[in-house]
Amino acid sequence: MIFVSNNISPQKILGLFGIVLLFAACSSVKEFPVNKPFVFSNKITLKNNVGKDEKKRLTLELDNYWDDSLKARKVQQFGFIYRLKKPPVYDSANISRSRGFMNAFLNSQGYYYATFKDSVTLDSVIAKIQNEKWLGIFPTFKKRKKVLQLRTNIAFLVDVGKRITIDTVSFAMIDTLHKPIDSTLQNITLAQAKYSLLKQGKPYSKQIVSDELDRLAYLYRSNGYYNLNREDIYALADTLNAKLLTLSIDPLAQAQIINEAANARKEDPKWRFTMMLKKINDTLKLKQYYVGNLYYYPDIKNVYYNADTLMARKNFKESFHKSGVMRFDIDKFKFRPLREHTYLKRGGLYDENAYYKSINKLNQIGSWKQVDAKAVVRPNSDSIDFHFFLLPAPKQSWGVDFEGSRNTGDIGSGNLIGLATNLTYKNRNVWKQAIQSLTQARFGFEFNIDKQVANIAPKPFVQTQQFTLSHSYSFPRIIHPFKNWKWLTGQINKIDNQKTIFSAQGAYTNRIDFYQLRSLNLNFGFDYTKGNVSTQFRFPNIELYKVDTLDGLIQLFKDNPFLRNSFRNGNVVGVSLAKNILFSGKDKSKIHSIRLFAEESGLLTSLLPNVGDQIFSYLKLEGEYRYLKKYTKDELALRAFVGAALPKSTQTIPVFKQFFVGGPNSMRAWGLRQLGLGSSISADTSTSGYTDRFGDFNLELNAEYRFLLTTIAGVKVGSALFTDIGNVWNIRQDPNNAEATLSLKNLGRDLAIGVGTGVRLDFSFFLIRVDFAYKLKDPARLANKGWANFRDFEWTDTRLNGVKIKNYAFQLGIGLPF
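The structure contained in this document is the topic of the report that follows. (Residues numbered from 1 in each chain as written. Predicted model: local features only at pLDDT ≥ 70, side-chain atom pairs only at ≥ 80, totals over all residues. Heavy atoms only, no water.)

**Re a nonpolar patch on the surface**
Taken together, the side chains of V400, F402, L423, F443, F445, F467 and L469 make up a nonpolar region of the molecular surface, amounting to roughly 660 Å² of accessible area. Breaking the nonpolar patch down by element, the ones donating at least two residues are β17 (396-407), β19 (435-448) and β20 (462-475). Mapped onto the secondary structure, F467 falls in strand β20. (Patch = residues over 30% accessible without salt bridge, like charges linked within 9 Å, V, L, I, M, F, W, Y side chains within 5 Å. Areas by Shrake-Rupley, 256 points an atom, 1.4 Å probe, with all protein chains shown as cover. Salt bridge = Lys/Arg side-chain N within 4 Å of Asp/Glu carboxyl O. Helix = DSSP H or I, 4+ residues; strand = E, 2+ residues; numbered from the N terminus.)

**Here we look at the sheet that holds strand β10 (residues 233-238)**
Pairing in this open sheet of three strands is mixed, and the strands run β9-β11-β10 from one edge to the other. The sheet terminates laterally at β9 (165-172) and β10, the two strands that pair on one side only. Put simply, the sheet's adjacent strands are angled 25 degrees from each other on average, direction ignored. Of the strand pairs in this sheet, β10 and strand β11 (residues 270-277) are connected by six bridges, and their pairing is antiparallel. Across the sheet, residue A235 finds its bridge partner in β11, namely M275. Against the sheet, helix α5 (residues 206-221) contacts β9, β10 and β11, and its axis sits at roughly 140 degrees relative to β10. (Pairing = 2+ DSSP bridges. Axes fitted to C-alpha atoms, helices over the stretch in contact; angles between N-to-C directions. Contact = heavy atoms within 4.5 Å.)

**A closer look at the nonpolar core**
Counting 29 residues, the largest nonpolar core has Y515, L553, F567, M667, W670 and L675 as its most contacted members. At the level of secondary structure, the elements contributing two or more residues to this core comprise β22 (515-530), β23 (533-549), α11 (551-559), β27 (635-647) and β29 (715-729). For this core, the element with the highest residue contribution is α11, accounting for three residues. Contact partners of L553, with chain neighbours within four places excluded, come to D513, F514, Y515 and F567. By size, the runner-up hydrophobic cluster in this structure holds 28 residues, among which are F32, F105, V147 and I154. (Core = buried A, V, L, I, M, F, W, Y, C linked by side-chain atoms within 4.5 Å. Buried < 20%, exposed > 50% of the residue type's maximum accessible area, 1.4 Å probe, protein only.)

**Examining the packing of aromatic side chains**
Throughout the structure, instances matching the rule amount to 46 aromatic pairs. Relative to F335, the ring of Y296 has its centre 5.6 Å away and its plane inclined at 80 degrees; by these criteria the two rings are edge-to-face. Separated by 39 residues along the polypeptide, Y296 in strand β12 (residues 290-297) and F335 in the loop between β14 (324-328) and α8 (336-340) bring together distant segments of the chain. Each of the two residues, Y296 as well as F335, counts as buried. (Phe/Tyr/Trp six-rings, centres within 6.5 Å; stacked < 30°, edge-to-face > 60°.)

**Some details on the sheet that holds β14**
Sheet architecture is open: five strands sit in the order β13-β14-β12-β16-β15, paired in mixed fashion. Sheet topology places β13 (317-321) and β15 (368-377) at the edges, where each strand pairs with a single neighbour. Mean inter-strand twist for the sheet, computed between neighbouring axes without regard to direction, equals 20 degrees. With five bridges connecting them, β13 and β14 associate as antiparallel partners. By the bridge assignment for β14, F320 is matched with V325.

**Side note on the environment of L60**
Along the chain, L60 falls in helix α2 (residues 52-62). On the basis of relative accessible area, L60 is assigned to the exposed category, the value being 56%. L60 sits 16 residues away from I44 along the chain, and the two C-alpha atoms are 8.8 Å apart.

**Quick word on the pairing of strand β25 (residues 590-601)**
Sheet analysis places strand β24 (residues 570-583) next to β25, joined by 10 bridges and oriented antiparallel. Following the sheet pairing, S576 is matched in β25 by E599. With antiparallel pairing between neighbouring strands as the criterion, β24 and β25 make up a hairpin whose turn holds six residues, including G585 at a positive phi of roughly 75 degrees. Note: β25 against strand β26 (residues 618-630), 12 bridges, orientation antiparallel. Residue pairing in the sheet places S593 in a bridge with R626 of β26.

**Observations concerning the environment of D308**
Relative to the helices and strands, D308 resides in helix α7 (residues 307-312). Judged by its relative accessible area of 46%, D308 falls in the partly exposed class. D308 sits 66 residues away from K374 along the chain, and the two C-alpha atoms are 9.5 Å apart.

By themselves these figures say nothing about function.
Below, the structure written as C-alpha cells:
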C-alpha cells in the first residue's frame, strides 16, 4: 500500500535526502577491539608529479598493497551504507611492510625512485555495545554500555619520482660467447621488430617486458620452432650511464661525473634493452618442424577418453583425403567441415597460431561440444603429426520457454499483461555437414486489464494475438562463387565464427478490432566476427506484408488521415547491415558497446518498371552506445540510442518499420507504445480506444545505478535507481498534428523524463525485475510545461477530455533492461 501526502514540499524532500546522505556518510563499526586502537581508515595521496589518469590509476592500485593487518575493509550495504566489521588492531610495525609492498609494485611499474611519508592520527569516539551474559548456550542481553573507540587513521603521502623510460631496443639471438646461434631465428626476429611492444621513449614496466617476451615466443613457435619456449628468452636491461665509463685522474672531476650521473638517473632515467636467448644446450629447441599427417576422430564417445589408446586403435573405419585422415566408428560426419576449419597444412611449417585457430574454429561450429588436439613429434624427424579429438554435441534438441511481462501506464493499451510461449527444435548436424538448423514457433498474447473509461470505446480482454513460425539454416562457412579470388579467400580466412545464414519466417498479428497483419520474410546473408567486431549482413532481404484494416482503425483514419499510409500493403526488398563492437580498454572494469545498423529497401527495385509502387522505399538507420562500469558490488550502466526511418520518396514509413517506446525495457514510466509522438496529445484524447504510438525518429538516453541489497538462499536481491529520457517523433510534417513532428527548437519541450527504482531477483540463470517509474516530465502534461509539481503532488493527470492518465507505471520484466 502506498500513502501519499498532499503537503510534500521540495524542501522536505531535500531535507530527507540530506539526512539519508549524512547517515550514509557515517560508517558504523561492528565487533571492534575495546580500549585498543584499531585501523579505521586508509588513505593514499600522490604528489602532483604525474598525469591525472596515471595518478588515479596508481592511487587505486596502491590501495591494494596495504598489509592485511593494516587495512580497514569496509563493506557496502544497500548501495550507500558502509560498515566496518572486525577491524584489525593497529600495529606500527605493519607500516614498514605496507611501504615495502607498495614500493615493490611501483618498481614493477617503472618507478624506482619513490619516497613515502606516513602519518597516523587517533580519534576517540564514544560507542555503545551490548553487554551480554551467557546462560548455558544461550546469551541474555543486559543494558547497552558505553565504551571508547580508538579509531586510527593511516595516510601515506607518496612521491613516485620520475618513471623509467625505454632508451633503445635491440635484438641479439646470441649465446654466452656473443656468437650468433641461429641466423634464421635472428632474421625472423628483425623482420618483425617493428611490432615490438618496447618502444623508444615509452614508459617501462615489468608487464610490458613480459608481454614482449610472450610476443617473441609466439613468433618463433608460429615459424616452426615447436620446442622453443618463453623461458628460453630474456630481456637484458642496461641501466649504466655511459659517462661513468669515462675515467679521470682528477678525483674531484670523477666525483662530479658520478654526481651528475646520479642526478640524471633521477631526473630522466632511461634504460636500454636487449632481447636475447639464454644458453641453449638442447639443439632441438632451434630446429624448425613441419606439419605431418592430420588425423580426426569426430565421434569420440565421452569426455574421459584416453588419447594414446585412441591413436593406437587399429579397428577404426578410415576415410583418406588429401589434407587428412578421418577415423571413426559411425559415419556421422563428412570430412568437409573438418578440412575447411583446419588451418594447419600438410608439409607447411608448424604454426602455433594456426594450431589454436583450428581448435577454436572447430569448437565454434556447434556440432561438437568439445574439441582437443595432441601433437606427436615423429622420432628422428622434423615432422609433427596432429590428432584432433571431437566430442559430438547432441544432434537434436527441443526447448520450451515462457515469457511474461506486466506494464501499467496510460489508457488504452497501457495496463497490459503479456504472455508468450516459444517452442524450439534444433538440429546440429544437417546432412552430416555440421550445418545447424533451427525451427521456432511462438505464440503470444496481450491481455488488457484496464477498467472501462468513460467516453472511450470498450476494449476486449485479449487485445493482441501473435503467431510466428521460423526456420533457418546456418552453414559453418562463407558461401560465395568467387573461389579463385585469392585476395577474397585470404580476407575470409582472417575472420572468425563464419556462418552463411538462410532463413524464412511467417508471422500473423491480430490487433483485435483494428488490424490484422500477415508477413513472410526470406533472407540470405553472412554472420562473422573479426577481433571485437561482429557483423551481420543480409542480401537479399525480402519481406512481404498484407494488412487488413478493421473498423476501429478505419474510424481512426477519419480522425487522422495521416496514419492511413502507414497501414498499407507493400513489400520490402533490400539489404541490411549490422555491426556490434565491444571493447574495454585498459580499465577492464569499464565495458563499452557500440551497435550500428542500416537497412535499405527499394533502391534496386526502383529501376524495374511497374514494381516501384509495390515496394516500400526507405532507409532505416540506428546507432546505440552502452557503457557499463563495474564496482565491487555495484555497477553503473548508461545507454544512448538514436534511430531514424527515412522515406526515399513520397511514401510514409510502414508501421512495422517505425519506432516505439515505453514498457519494461524502454521509457519505463510509460506503458508499452504509450509515449509520443513529440508533445502531441491526440492519442490521449482519442475516443477510438487505439492509443499505440509509432514514429519515424527515436531518441533515448538511459542511466541506471545498480546495487546489491542482500542475498537470500543463494538468490541475489538487488535494486537500482534509474532515469529514462527520450521520445518518438514523425519526421514528415503532419498537417493535423504539428506537435508530433521532430523539431530541434522544440526538442527540450518534447523530451520525456522518467525516474524510478526497482527490485531485481537474480537466480544466476535468469533475472526477474520489477520496476516502478514516475513521470518527472511528460510532454503531454499541459500544466507546468510538462514537469511534475511536487508542491501539489498527484499520482494522476487529467487530460482535456476528462480522462485520467497515471503519472507512474509498474513494469515486470525478465533480464536487465539494457
